[in-house]
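As a plain string of letters, each chain reads:
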Amino acid sequence: AEGFESEMQTRSFAQAIQALLISIIVVYVVLAITFRSFVHPFTILFSLPLAMIGAALLLWITDRVVGLPVLVGMMMLVGIVVTNAIVLIDRVQANRKERGMNLHGALVEGGRTRLRPILMTATATILALTPLAIGLTEGALIAAELATVVIGGLFSSTLLTLLIVPVIYSLLDRLTPTGRRQAKEAASAA
């Protein structure tokens, strides 16, 4: 019976990892269609490793094991973290297309105007999950690991997304037709 349970856990773990990878691919496809770009969705997805850093660190600090609740929390993080990056990058692209701003100006204005909503939603989510993470509710044994992953991932990704995603955006923007055109215009103006 014990071997059967171990085999079922291994199979469930493998299926959860597969579901996590599929969710990342689906998010990329949706972003590519929405932004009409194959490049900038990578900018947004770059916030995911930033979330994994915080999730792993908080799991280590709290001495929690990696199990199915952790993987479910990782899948939740894919949606939550990507949303913050979308809010930022969408504003940057609107600044460039609708307002005709250069790359640097669009990034600065986008970061300034989206900072508050991103911080507010991240803080609200972290505060809402804290009682679950510290075990103040019934059923927290399993859900505490899930909440810990989401809190750690959201904390690190929010801070790092506001700093690193704009840098990645500016680097990857050179691979797009708009970025190459603006780079040529800036070089010829100088």
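Everything discussed here concerns the structure shown above.
Right, let's walk through the structure included here.

### Looking at helix 5 (residues 103-133)
Alright, step 1. Approximately 45° is the largest bend angle found in helix 5, and it occurs at Arg114, with the proline Pro117 only one to four residues beyond.
Alright, step 2. Regarding helix 5, the residues found buried are Ala106, Leu107, Glu109, Gly110, Ile118, Ala122, Ile126, Leu129 and Ala133.
Alright, step 3. Among the residues trailing helix 5, Gly135 stands out with phi positive, at a value near 85°.

### Let's talk about the packing of helix 4 (residues 68-98) against helix 5
Angle between the axes and distance between the axes are the two parameters that describe a pair of packed helices.
Alright, step 1. The interhelical angle for the contact between helix 4 and helix 5, taken along N-to-C directions, is 145°, at an axis separation of 8 Å. Crossing of helix 4 against helix 5: the hand is right-handed. Counting all contacts with helix 4, which are made through Asn84, Val87, Leu88, Arg91, Val92, Asn95 and Arg96, the residues of helix 5 involved are Leu103, Ala106, Leu107, Glu109, Gly110, Gly111, Thr113, Arg114, Ile118 and Thr121.

### Observations concerning the pattern of salt bridges
Alright, step 1. Evaluated as defined, the whole model comprises two salt bridges.
Alright, step 2. Among the ionic pairs, Arg91 bridges to Glu109, the shortest N-O distance being 2.6 Å. Taken together, the residues span a long stretch of sequence, with Arg91 in helix 4 and Glu109 in helix 5 at a distance of 18 residues.
Alright, step 3. The exposure class of Arg91 is buried, given its relative accessible area of 15%.
Alright, step 4. With relative accessibility at 13%, the residue Glu109 sits in the buried group.
Alright, step 5. Notably, a salt bridge pairs Arg96 with Asp173, separated by 2.8 Å at the nearest N-O pair. One end of the pair, Arg96, is in helix 4; the other, Asp173, is in the loop between helix 6 (140-172) and helix 7 (177-189), with 77 residues separating them in the sequence. Each member of the pair Arg96 and Asp173 is classed as buried.

Rules used throughout
- Residues numbered from 1 in each chain as written.
- Predicted model: local features only at pLDDT ≥ 70, side-chain atom pairs only at ≥ 80, totals over all residues.
- Heavy atoms only, no water.
- Bend = angle between axes of the 7 residues up to and from the residue.
- Helix = DSSP H or I, 4+ residues; strand = E, 2+ residues; numbered from the N terminus.
- Buried < 20%, exposed > 50% of the residue type's maximum accessible area, 1.4 Å probe, protein only.
- Axes fitted to C-alpha atoms, helices over the stretch in contact; angles between N-to-C directions.
- Left-handed = near helix turned anticlockwise from the far one by under 90°.
- Contact = heavy atoms within 4.5 Å.
- Salt bridge = Lys/Arg side-chain N within 4 Å of Asp/Glu carboxyl O.

These results come straight from atomic positions and should not be treated as a statement about function.
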